Amino acid sequence: IETKDEAGAQAASPAAGHGSKPLTITTINGNQRAVQGRLFSVAWNGDNALVLMINTQPVNDEAQVRATEASLRRLEAENQEIKSILDTATDGVLVLDRAGRVLSANHSAQALFGYEAADFAELSLGELFAAESRRGVLDYLDRIARGSGLEAGREAIGRVRQGGLVPLYLTIGRVEDGEKLCAVIRDVTAWKRSEEELITARQQAERNSAAKAEFLAKI
């Protein structure tokens, strides 16, 4: 992209004015084309970002440009609201691409696996599970990615950053556009502990009953 004049060159600065500037772009065919460009800042994922909006038609309506800018900011506000809602969830939530690479993780997922948000960018879903569960998890992911329909969740053994293992219940679904997946992960440690205590109590009761029956038989 090249600016046509000194005024256009200032469009590359965040402090530039609100009006659009004449620019020249190079198309995919190598041709040059005159356009109107507008540079402004928006909030994005908790930081500031610059948006360069290019219009191939002459822009004479400043209200139209401002409406587009407001629309982008509204979408970012909605994105932040959804992220805040997910961060209040007690279950871990991962957004994945179709290959299983982690695109984002809510606070509960970060706490569950012991990774910071930035660390997840280098991980795939399979790496978060123990070897004995990994194959089943990846098969489950592949079926959902290929659009096999709704499937019940499944139990699996997670592997946390510190090296420990944790029992989990995993549910994967497709996001509306089909290019992303959502994995909801619940720590079932407390449930497993309660289940083991119930099994132990039942076995103890059965042993006591057998001992009582044997005692009475002897009497």
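Structural notes, computed from the coordinates.

## Description of the overall build of the chain
In step 1: When its secondary structure is counted, the chain shows five helices and nine strands.
In step 2: Reading the secondary structure of the chain in the N-to-C direction produces β-α-β-β-β-α-β-β-α-α-β-β-β-α.
In step 3: The buried share of the chain, taken over its 219 residues, is 27%.
In step 4: Counting only contacts in the chain whose residues sit at least 6 apart along the sequence, the fraction spanning at least 24 positions is 39%.

## What to know about the pattern of salt bridges
In step 1: All told, the structure shown has five salt bridges when counted by the stated rule.
In step 2: For Arg161, the salt bridge is made with Asp119, and the minimal N-O distance between the two is 2.9 Å. You can see Arg161 sitting in the loop between strand 7 (154-159) and strand 8 (165-174) and its partner Asp119 sitting in the loop between helix 3 (107-113) and helix 4 (131-145), a full 42 residues away along the chain.
In step 3: On the accessibility criterion, Asp119 (24% relative accessible area) is partly exposed.
In step 4: With a closest N to O distance of 2.9 Å, Asp142 and Arg146 form a salt bridge.
In step 5: Overall, the relative accessible area of 39% leaves Asp142 in the partly exposed class.
In step 6: According to the relative accessible area criterion, Arg146 is exposed, its value standing at 56%.

## Comments concerning a nonpolar patch on the surface
In step 1: A contiguous nonpolar patch, built from Phe215, Leu216 and Ile219 and spanning about 380 Å² of accessible area, is present on the exposed surface.
In step 2: By relative accessible area, Ile219 is classed as exposed at 76%.

## Quick word on helix 4
In step 1: With 15 residues, helix 4 extends 21 Å from end C-alpha to end C-alpha; this agrees with the ideal 21 Å at 1.5 Å per step.
In step 2: Those residues of helix 4 not exposed but buried are Ser133, Val137, Tyr140, Leu141, Ile144 and Ala145. Axial view of helix 4: buried residues confined to an arc of 130 degrees, hence all on one face. Residues of helix 4 that are exposed and angled more than 90 degrees away from the buried face: Ala131 and Arg135.
In step 3: Contact partners of the buried residues in helix 4: strand 5 (92-97), strand 7, strand 8 and strand 9 (180-187).
In step 4: Looking one or two places after helix 4, you find Gly147, whose phi comes out positive at around 80 degrees.

## Describing the nonpolar core
In step 1: Membership of the largest hydrophobic core comes to 27 residues, with the highest contact counts inside it found for Leu94, Phe120 and Ile172.
In step 2: Mapped by element, the contributors of at least two residues to this core are strand 5, strand 6 (102-105), helix 3, helix 4, strand 8 and strand 9.
In step 3: Setting aside residues no more than four positions away along its own chain, Phe120 makes contact with Leu94, Val102, Ala105, Ala109, Gln110, Phe113, Tyr115 and Leu128.

## Here's the deal with the pairing of strand 6
In step 1: Where strand 5 meets strand 6, three bridges bridge the pair, whose relative direction is antiparallel. Among the inter-strand pairings, Leu94 is bridged to a residue of strand 6, identified as Ala105.
In step 2: Here strand 5 folds back onto strand 6 in antiparallel fashion, the turn holding four residues, of which Gly100 has a positive phi close to 95 degrees.

## Details of the environment of Leu168
In step 1: Turning to its location among the elements, Leu168 is positioned in strand 8.
In step 2: Leu168 sits 16 residues away from Val184 along the chain, and the two C-alpha atoms are 10.0 Å apart.
In step 3: Non-local contacts of Leu168, meaning those with residues more than four positions away in its chain, are made with Leu112, Phe113, Phe129, Arg154, Glu155, Ala156, Gly158, Ile185, Arg186, Asp187 and Val188.

Criteria and cut-off values
- Residues numbered from 1 in each chain as written.
- Predicted model: local features only at pLDDT ≥ 70, side-chain atom pairs only at ≥ 80, totals over all residues.
- Heavy atoms only, no water.
- Helix = DSSP H or I, 4+ residues; strand = E, 2+ residues; numbered from the N terminus.
- Buried < 20%, exposed > 50% of the residue type's maximum accessible area, 1.4 Å probe, protein only.
- Contact = heavy atoms within 4.5 Å.
- Salt bridge = Lys/Arg side-chain N within 4 Å of Asp/Glu carboxyl O.
- Patch = residues over 30% accessible without salt bridge, like charges linked within 9 Å, V, L, I, M, F, W, Y side chains within 5 Å.
- Areas by Shrake-Rupley, 256 points an atom, 1.4 Å probe, with all protein chains shown as cover.
- Expected span 1.5 Å × (residues − 1).
- Arc of directions from axis to C-beta.
- Core = buried A, V, L, I, M, F, W, Y, C linked by side-chain atoms within 4.5 Å.
- Pairing = 2+ DSSP bridges.

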